[in-house]
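Structural features, examined
These are the residues of each chain, in order.
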Amino acid sequence: MNLGLRYEATTRPKDANTVPSYTVNGYTVAAAGFQQITTLSNCTASTTACGPVGTDSPIASNPTTKNFQPRLGFAWDPFGDGKTAVHAAFGMFDVLPLPYEFALNTAATAPFQIVGADPATTLGTGVPDANISFNQQQIRNRYIQQNPKRAAVYNWSANIQQDLGQGFSAMVAYVGSRSLHLSVAADDINLVPANNVSGIGIVFPATGGVRVDPNWGGGAGIRPVIFDGASSYQALQAQLRKAMSHGVQGQLSYTWGHCDDLSSAPVTGDTFLNSIAVPLLTQKSYRVGPCDFDLRQVATGNLIWNIPVPTFQNAFANGFAAGWQLGGILTAETGAPFSVTIGGGNDPLGTGFNGDFSMDLADVLPGCNPTGGKGINYINTNCFTPPTAPASLATASAANPYGCAPKSFLNYPASAPKAPAGRQFCSNVVGNSGRNHFYGPGLTTLDMSIFKNTKIPVISDAMNVQFRAEFFNILNHTNFLSPGFLNTGGQNNSVYDADGSALPTALNQTSTSSRQIQLGMKVIF
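Report on the accompanying structure. (Residues numbered from 1 in each chain as written. Predicted model: local features only at pLDDT ≥ 70, side-chain atom pairs only at ≥ 80, totals over all residues. Heavy atoms only, no water.)

1. Re the overall build of the chain
- Secondary structure summary: the chain contains three helices and 29 strands in total.
- Summarising its shape, the C-alpha atoms of the chain cover approximately 95 × 60 × 60 Å along the three principal directions.
- Here the chain holds 525 residues, and 41% of them are scored as buried.
- Restricting to contacts in the chain with at least 6 residues of sequence separation, those with at least 24 account for 71%.
- Carbon and sulfur atoms make up 59% of the accessible area of the chain, which amounts to about 25900 Å² in all.
- Counting 28 positive and 29 negative side-chain charges, the chain places the averaged centre of each group 6 Å from the other. (Helix = DSSP H or I, 4+ residues; strand = E, 2+ residues; numbered from the N terminus. Buried < 20%, exposed > 50% of the residue type's maximum accessible area, 1.4 Å probe, protein only. Contact = heavy atoms within 4.5 Å. Areas by Shrake-Rupley, 256 points an atom, 1.4 Å probe, with all protein chains shown as cover. Lys, Arg positive; Asp, Glu negative; His and termini not counted. Charge placed at Lys NZ, Arg CZ, Asp CG, Glu CD.)

2. As for the state of the cysteines
- Counted under the stated rule, the structure contains four disulfides.
- Note on cysteine connectivity: Cys404 is disulfide-linked to Cys426, with sulfurs 2.0 Å apart. For the disulfide bridge between Cys404 and Cys426, the dihedral angle about the S-S bond is near -115 degrees, and by the sign convention the bridge is left-handed. Pair noted here: Cys404 is in the loop between strand 23 (388-390) and strand 24 (423-425) and Cys426 is in the loop between strand 24 and strand 25 (438-439), with a separation of 22 residues, a long-range link. (Disulfide = S-S within 2.5 Å.)

3. Overview of empty space enclosed by the protein
- In total, this model carries three cavities of 30 Å³ or more according to the counting rule given.
- Looking at the largest cavity, its volume works out to about 100 Å³.
- Around the largest cavity, the lining comprises 13 residues; the ones closest to its centre are Ser263, Ser264, Ile276, Pro279 and Arg435.
- Counted by class, the lining of the largest cavity contains six nonpolar, four polar and three charged residues.
- The computed volume of the second largest cavity comes to approximately 70 Å³.
- Residue lining of the second largest cavity: 14 residues in total, with Pro63, Val95, Pro97, Lys149 and Ala151 positioned closest to the centre.
- Looking at the lining of the second largest cavity residue by residue, the classes come out as seven nonpolar, three polar and four charged. (1 Å grid on protein atoms, 1.4 Å probe; cavity = no way out; pocket = protein on both sides within 12 Å on 5 of 7 lines; lining within 4 Å. Points joined across faces, edges and corners; volume = space filled by probe spheres on them. Nonpolar A, V, L, I, M, F, W, Y, C, P; charged D, E, K, R; others polar.)

4. Considerations on the sheet that holds strand 28 (residues 494-496)
- Reading across the sheet, the three strands line up as 20-19-28 and stay open at both edges, with mixed pairing between neighbours. At either end of the open sheet lies a strand with only one pairing partner, and these are strand 20 (360-361) and strand 28. (Pairing = 2+ DSSP bridges.)

5. Notes on unusual backbone geometry
- Note the cis peptide between Ala110 and Pro111, where omega equals 5 degrees.
- Among the structural elements, Pro111 can be located in the loop between helix 1 (100-107) and strand 8 (141-144).
- You will see that His246, though not glycine, has its phi angle at about 55 degrees, which is positive.
- Position of His246 relative to the elements: it lies in the loop between strand 13 (222-245) and strand 14 (248-261).
- In this structure His246 comes out as exposed when scored by relative accessible area, which is 79%.
- With a phi angle near 60 degrees, Asn436 is a residue other than glycine that sits in the positive phi range.
- Along the chain, the position of Asn436 falls in the loop between strand 24 and strand 25.

6. Details of the pattern of salt bridges
- Taken as a whole, this structure holds ten salt bridges when the rule is applied.
- In this structure, the salt-bridge partner of Glu8 is Arg6, at a minimum N-O distance of 3.5 Å.
- When the shortest N-O distance is used, the salt bridge between Arg12 and Asp56 registers 3.1 Å. Of this pair, Arg12 sits in the loop between strand 1 (2-7) and strand 2 (22-24) while Asp56 sits in the loop between strand 5 (52-55) and strand 6 (68-76), placing them 44 residues apart in sequence. (Salt bridge = Lys/Arg side-chain N within 4 Å of Asp/Glu carboxyl O.)

7. What to know about the environment of Trp76
- Mapped onto the elements of the fold, Trp76 is located in strand 6.
- Its relative accessible area of 49% is what places Trp76 among the partly exposed residues.
- Along the backbone, Trp76 and Met1 are 75 residues apart, and their C-alpha atoms lie at a distance of 8.6 Å.
- Residue contacts for Trp76: discarding those within four places in its chain leaves Thr84, Ala85 and Val86.

8. Notes on a nonpolar patch on the surface
- Residues Met1, Leu3, Leu72, Phe74, Trp76 and Phe90 make up a contiguous nonpolar surface patch of about 680 Å² in total accessible area.
- The greatest single-element share of the nonpolar patch, amounting to three residues, is contributed by strand 6. (Patch = residues over 30% accessible without salt bridge, like charges linked within 9 Å, V, L, I, M, F, W, Y side chains within 5 Å.)

9. Comments concerning helix 1
- Residues of helix 1 that are buried include every one of Glu101, Phe102, Asn105 and Thr106, and no others. The buried residues of helix 1 occupy one face: seen down the axis, they fall within an arc of 105 degrees. (Arc of directions from axis to C-beta.)

10. Quick word on the side chain of Lys452
- Tracing the sequence through the fold places Lys452 in strand 26 (residues 443-455).
- For Lys452, a relative accessible area of 7% puts it in the buried group.
- Of note is the side chain of Lys452, whose polar atom sits 2.8 Å from the backbone oxygen of Ala322. (Polar contact = N/O pair within 3.5 Å; in protein donor to acceptor, adjacent residues only side chain to side chain.)

11. Examining the packing of aromatic side chains
- Tallied over the full model, the rule gives eleven aromatic pairs.
- An angle of 65 degrees between the planes, with centres 5.0 Å apart, marks the rings of Tyr412 and Tyr496 as edge-to-face. Note that Tyr412 is positioned in the loop between strand 23 and strand 24 and Tyr496 in strand 28, a separation of 84 residues in sequence. Each member of the pair, Tyr412 as well as Tyr496, is classed as buried.
- What links up through ring pairs into an aromatic cluster is the set Phe409, Tyr412, Phe425 and Tyr496. (Phe/Tyr/Trp six-rings, centres within 6.5 Å; stacked < 30°, edge-to-face > 60°.)

12. Observations concerning the side chain of Asn479
- Tracing the backbone through its elements, the reader meets Asn479 in the loop between strand 27 (464-472) and strand 28.
- Residue Asn479 is classed as buried on the basis of its relative accessible area, which comes to 0%.
- For Asn479, the side chain forms a polar contact with the side chain of Thr512, separated by 3.0 Å.
- With near-sequence residues (within four places) excluded, Asn479 lies in contact with Gly442, Leu443, Thr444, Thr445, Thr510, Ser511 and Thr512.

13. Observations regarding the environment of Thr109
- Note that Thr109 resides in the loop between helix 1 and strand 8.
- Its relative accessible area of 0% is what places Thr109 among the buried residues.
- In sequence terms Thr109 and Gln35 are 74 residues apart; their C-alpha atoms lie 9.7 Å from each other.
- Sequence-distant contacts of Thr109, that is, excluding residues within four places in its chain, are made with Arg140, Asn141, Arg142 and Arg223.
- In this structure the side chain of Thr109 is engaged in a polar contact, spanning 2.6 Å, whose partner is the backbone oxygen of Asn105.

Coordinates in, geometry out; function isn't part of it.
As structure tokens, this is what we get:
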């Protein structure tokens, strides 16, 4: 049995240099190591409320001073014969607030990067933009939550290992993890706030909506780092191994697991191809879902075979026949999760977000297989409609901003699925399909290799010339990438645009290359 206690603290991140002060519309930001927005409360109090201020560190308090991390582990030979082993362990690990959590948002916002907009300018004319006096309060800024709690990860595991004889061994394990107060980043937090309306869900005001901070960021956005991230993971793992004997060694491994979280983005909103770059950070019911990297089942196998050497009367034939080795790696896994959205790069919810990818979710019809399409038409668009609300929800007005937005999805195709009975399309309502609730196509690939080892004892006993022929994805199997926001072939997880028109959803990118063959030679001495 092992007992341990680790203490791991750090100081608050600081910068050795000072950013000069600057003044915007009479509002002065002091010279400091960092310049950032530190609060998003009561931002309508004045025309300069919730503005950037000078700070000596991105965070105001240090959550690491009590970072004592207990560890416990044991190993047990229940039969005393050295053939069966039981292991279990628990450990607490801290995620320190290190510079990587703040560096990208710092570099991508004022005063290091100025993002503004001048709709009157034309690029490529060679004529300087005459409209250079845009409102500097509307350039992109950043917000850092000032008093983070201790970010901790709790890991535990238990496994049984068994020697099966003849070089074979097996292992079965349970692995779990829970994390709290992790950093969460997004491309924008300066959105129009939504309400949770009973019987409907998340609803944005159809008229008169005001951003969280109407004074700063504007359409360029405010990039946040907050510390409410949480996740959980549980998995069953199994392994069968064969040690090298009789010229053969191999291994089979299988994992069946599941990961849920509130965000998989610690430093930027679009960490993964399927990440929602601008999630609704204030709505935890919207954010909870499978991790962006959640692969439910993963199986791998590998084999090395030293091909037996036949005996010939000819020395040259014996030399050619000796030293051949065959290898293979088989990988099979289920697909990555993705969200089905509405709006493409538009903003049907009226959030005023800074981004190119919609955060609105589609409605999924009950009793329908949403990923039952064929080939590249993987998403079954007949299972999805724009977001709906009860038909009893009145049309939104200035007096009732949380009603159903008028003229919602006017270009919705007549041939597309209809709204369920008793419901109506409302563009200011978040759909019911959920974040990452669908899984893309799986991946299967087989890699193989053929090696020829030729000993040259006349030079050295260790001298070996190795010829290598390696085949990646030897079966040339097409593995399509799950639909997502950041595919180089174009976003393909939005089924309808902000006006209701249909969008292309065909799979447009592969996750592995086609068959690749490489030849090589290695001299070992």
